[in-house]
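# Structural characterization, general
Listed below are the residues making up each chain.
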Amino acid sequence: MRAAGYEIKASRRLGYHLVQAPDLLTPEEVLPGLKTRTFGRKVHYFPALPSTNTEAYQLALQGGREGEIVIAECQRKGRGRIGRPWFSPAFVNLYLSVILRPPISPHHASLITFVAAVATAEAVERFSGMKPSIKWPNDILVKGRKLAGLLNEIHSEADRIHFVILGIGINLNVDENMFPRKIRSLATSLKREMGQAISRKAFLQILLEELEHWYEIFLRKGSSPILKAWRARARIAGKQVKISSFDEVFVGRAVDVDSEGALLVQMRDGKQKRIVAGDVEYTK
Ligand code: BTN
């Protein structure tokens, strides 16, 4: 236990005494006090991995069940959207992947990203009192800077999903000067915003509760409560946007998202365009 960072006092009279527990995300730390039915009930914990999504994908191929999670203290090849890397330093943040097996068609898989974006934003609000916003498709922002990102990967056949890997990266305790220079002015952490260190374990427990809650709402009631909560945080309708998508750049006015999670944009020539992947910049 000492090797894992626990401080233990040994005395001949009193035996062993735990002085300080490190803020690790092992199942022994995470499970006590976790109030979920399935999410996070089985934790696959790793001090380091190339990517929690890759590991969870392999576990799911081997029969891993809904709600099982993969956690790593750091990632050597953390992956972001559109082939980008995800900055994943050790012991300060959260790198989490959840196995899901939703009984929905692959067309609706991107709604799972909306479920996760709403749940993550709600978890941040419940934990900190701050009101994060969502930027299409699934960035979680606080005061305009990125706090968390989501990467969902799906394994399916034509009309049936086998599983979805819900990958979430959240900057919790990373200090600003640790961020690579390129993203320093664009990114933030919960510690920076709250002005105090965050218990990663407490945050993870809240996040798992919110994920399970919103996922159950989605399974029971469908997409409309999810899209309603998503729209309230994204406030995208009417915004002037510049969109980079597959090496093309468009400017226009955002109209809404559709039931498959695509962004609808009114172009200058009056035509409406449906964007399925890319990056959005608000220009006004
Ligand atoms: C984004 O580009 O905004 C998505 C970032 C997703 C990062 C998370 S960290 C846990 C999981 N494992 C990965 O390799 N990526 C996701």
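Just above sits the structure.
Here's what I pulled together on the structure shown here. Because the structure is a prediction, the values reported are computed rather than measured.

## Description of the layout of surface pockets
- In this model, the largest pocket occupies a volume close to 1100 Å³.
- Around the largest pocket, the lining is made up of 40 residues, and of these Arg84, Trp86, Asp139, Lys146 and Ile183 lie nearest the centre.
- Broken down by secondary-structure element, the contributors of at least two residues to the lining of the largest pocket are α2 (52–61), β5 (94–100), β7 (139–142), β8 (145–157), β9 (160–170), α4 (181–184) and β14 (279–282).
- The greatest single-element share of the lining of the largest pocket, amounting to five residues, is contributed by β8.
- In this structure, the second largest pocket spans a volume of roughly 510 Å³.

## Some remarks on the site of the ligand
- In the vicinity of the ligand there are 20 residues, among which Ser51, Gln75, Arg79, Arg81 and Lys146 approach most closely.
- One of the side-chain N or O atoms of Thr52 is found 3.1 Å from a nitrogen atom in the ligand.
- Here Lys146 contributes a side-chain N or O atom positioned 2.6 Å from an oxygen atom of the ligand.
- Burial of the ligand by the protein chains amounts to 98% of its free accessible area of 410 Å².
- Because more than half of its atoms lie within 2 Å of the grid, the ligand is assigned to the largest pocket.
- The element that contributes the greatest number of residues to the shell around the ligand is β8, accounting for four residues.
- A class-by-class count of the residues in the shell around the ligand yields six nonpolar, ten polar and four charged.

## Quick notes on the packing of aromatic side chains
- On inspection of all chains with the given rule, the structure shows five aromatic pairs.
- Considering the side-chain rings of Phe87 and Phe179, the 5.7 Å spacing of their centres and the 45° angle between planes classify their relative orientation as tilted. Here Phe179 lies in the loop between β9 and α4 and Phe87 lies in the loop between β4 (69–75) and β5, a separation of 92 residues in the sequence.
- In this structure Phe87 comes out as partly exposed when scored by relative accessible area, which is 24%.
- Here the aromatic rings of Phe127 and Phe203 are separated by 5.4 Å at their centres, their planes lie at 75°, and the arrangement is edge-to-face. On the criterion of sequence distance, the pair formed by Phe127 in helix α3 (residues 110–128) and Phe203 in helix α6 (residues 200–221) is long-range, its members being 76 residues apart.
- The side chain of Lys239 reaches across the aromatic face of Tyr282, ending 4.5 Å from its centre.

## Brief notes about the sheet that holds β4
- Overall, mixed pairing links the seven strands, which are arranged β3-β4-β5-β9-β8-β7-β6 in an open sheet. If you trace the sheet from one side to the other, it starts and ends with β3 (43–49) and β6 (133–135), each paired once. Geometrically, the sheet is characterised by an average inter-axis angle of 20° between neighbouring strands, direction not taken into account.
- Here β4 pairs with β5 via four bridges, running antiparallel. In the sheet register, Ile71 faces β5, and the bridge partner there is Leu96.

## Regarding the sheet that holds strand β10 (residues 240–245)
- An order of β13-β12-β11-β10-β14 is seen for the five strands of this open sheet, with the pairing classed as antiparallel. This sheet does not close on itself; its edge strands, each paired only once, are β13 (272–275) and β14. Each adjacent strand pair in this sheet contributes to an overall mean axis angle of 45°, direction not counted.
- Where strand β11 (residues 248–257) lies against strand β12 (residues 263–267), five bridges are found, and the strand directions are antiparallel. Residue pairing in the sheet places Asp256 in a bridge with Leu264 of β12.

## Re the environment of His17
- Here His17 shows up in strand β2 (residues 15–20).
- Assessed through its relative accessible area of 48%, His17 is described here as partly exposed.
- The sequence separation of His17 and Glu193 amounts to 176 residues, and the corresponding C-alpha distance is 35 Å.

Analysis parameters
- Residues numbered from 1 in each chain as written.
- Predicted model: local features only at pLDDT ≥ 70, side-chain atom pairs only at ≥ 80, totals over all residues.
- Heavy atoms only, no water.
- 1 Å grid on protein atoms, 1.4 Å probe; cavity = no way out; pocket = protein on both sides within 12 Å on 5 of 7 lines; lining within 4 Å.
- Points joined across faces, edges and corners; volume = space filled by probe spheres on them.
- Helix = DSSP H or I, 4+ residues; strand = E, 2+ residues; numbered from the N terminus.
- Near = heavy atom within 4 Å.
- Polar contact = N/O pair within 3.5 Å; in protein donor to acceptor, adjacent residues only side chain to side chain.
- Areas by Shrake-Rupley, 256 points an atom, 1.4 Å probe, with all protein chains shown as cover.
- Sits in = over half its atoms within 2 Å of the grid points.
- Nonpolar A, V, L, I, M, F, W, Y, C, P; charged D, E, K, R; others polar.
- Phe/Tyr/Trp six-rings, centres within 6.5 Å; stacked < 30°, edge-to-face > 60°.
- Buried < 20%, exposed > 50% of the residue type's maximum accessible area, 1.4 Å probe, protein only.
- Lys NZ or Arg CZ within 6 Å of the ring centre and 35° of its normal.
- Pairing = 2+ DSSP bridges.
- Axes fitted to C-alpha atoms, helices over the stretch in contact; angles between N-to-C directions.

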